[in-house]
Amino acid sequence: MSGGVRVGEPSTGEEPGAGDLAVRVTGLRKAFGAKTVLDGIDLEIRRGEFFALLGPSGTGKTTLLRILAGLELPDAGTVLAARRRTTVYQEPRLIPARRVLANVILGLPSTAREAGRRALAEVGLDGYGGTWPATLSGGEAQRVALARALVRDPEVLLLDEPFAALDALTRLQMQELVAELCARHRPAVVLVTHDVDEAVRLADRVAVLREGALAVDKTIDLPHPRHRDGPSFADHRRLFLSHLGVVTASH
């Protein structure tokens with residue numbers, strides 16, 4: 001990728017990307033007052049790659065996501081990302097006064113209505129276009145938010161703890177849905193989560209952000225579907241928990 005900003009300039013470069021590289025971050029630094037939350041981050045994510053970011057609260061995970069989305073400026077470093085980026089947040093952020101289909105194609109031309117219906121069908125909400133958001137369950141509302149992201153055909157899909165507010169069963173169902181849709185559409189995915197099991201279950205790579213740096217960035221070489229009761233899954237869980245400062249038993 002080319003055309004980024006020079007190290008030290010508080011800016012974010014955007015470009016369609018070269019080859020299969022969707023995100024390149026070099027020397028990224030961000031501080032809030034006297035607290036530096038990101039300190040020299042280097043990161044590359046390729047199209048079709050699912051990258052999960054773990055870390056304690058307040059370590060800068062969401063700040064990094066906001067910088068990738070273009071919502072926050074870095075203090076220093078180069079940030080290059082493919083132009084089509086969408087974000088799904090913990091809250092669905094639907095407009096109550098607009099029906100579901102109108103929420104999905106918000107900001108798009110009216111010709112996008114059919115694409116919006118297809119996106120709703122992909123997330124299991126075929127026929128929900130005329131429904132009001134207030135009548136949806138939490139899982140259904142989050143599916144609408146996911147359809148709104150997918151209808152824009154993102155090259156980079158940013159997920160900011162999108163399952164955190166859901167009950168355990170709905171959370172597992174949404175994880176399966178996201179895994180299926182990302183495998184089909186193959187954007188570069190960045191998932192911010194506190195859930196180690198979720199990260200190991202879904203991601204191709206998992207990193208831990210601590211004290212402004214990536215303490216570990218590891219490829220997860222387990223076949224899908226992944227089950228948490230498997231020994232290899234447990235080994236990965238222990239590794240990431242140890243980097244998060246949690247000591248677990250070996251067996």
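Just above, that's the structure.
Novice: Break down helix H3 (residues 113–122) for me, with residues and values.
Specialist: When H3 is considered as a whole, its buried residues turn out to be Gly116, Ala119 and Leu120. Angular distribution of buried residues about the axis of H3 spans 100°; they occupy a single face of the element. Residues of H3 that are buried make contact with helix H2 (100–104) and helix H4 (138–150). With its phi angle positive at about 85°, Gly124 sits one or two positions after the end of H3.

Novice: Lay out the environment of Ala76 with the relevant residues and their values.
Specialist: With respect to the helices and strands, the residue Ala76 is situated in strand S5 (residues 76–81). Looking at Ala76, the relative accessible area reads 14%, which means it is buried. Separated by 36 residues in sequence, Ala76 and Gly40 place their C-alpha atoms 8.5 Å apart.

Novice: Let's hear about the pairing of strand S10 (residues 213–219): which residues, and what values?
Specialist: Strand direction decides the pairing type here: strand S9 (residues 205–210) and S10, joined by six bridges, are antiparallel. Within S10, the residue paired with Ala207 across the bridge is Asp217.

Novice: For the pairing of strand S8 (residues 188–192), give the residues involved together with the corresponding values.
Specialist: Counting buried positions along S8 yields five of five residues, so the element is predominantly enclosed. Side-chain alternation along S8 places Ala188, Val190 and Val192 on one buried face and Val189 and Leu191 on a second face that is also buried. Bridging between strand S4 (residues 50–54) and S8 involves four bridges; their strand directions are parallel. Note that in S8 the partner of Leu53 across the bridge is Val192. The pairing of strand S7 (residues 156–160) with S8 spans five bridges and is parallel. Bridging from a neighbouring strand, Val156 pairs with Ala188 of S8. Running through helix H5 (residues 168–185), the crossover from S7 to the neighbouring parallel element S8 is right-handed.

Quick notes on the rules
- Residues numbered from 1 in each chain as written.
- Predicted model: local features only at pLDDT ≥ 70, side-chain atom pairs only at ≥ 80, totals over all residues.
- Heavy atoms only, no water.
- Buried < 20%, exposed > 50% of the residue type's maximum accessible area, 1.4 Å probe, protein only.
- Helix = DSSP H or I, 4+ residues; strand = E, 2+ residues; numbered from the N terminus.
- Arc of directions from axis to C-beta.
- Contact = heavy atoms within 4.5 Å.
- Pairing = 2+ DSSP bridges.
- Right-handed = clockwise from strand over helix to strand, strands pointing away.

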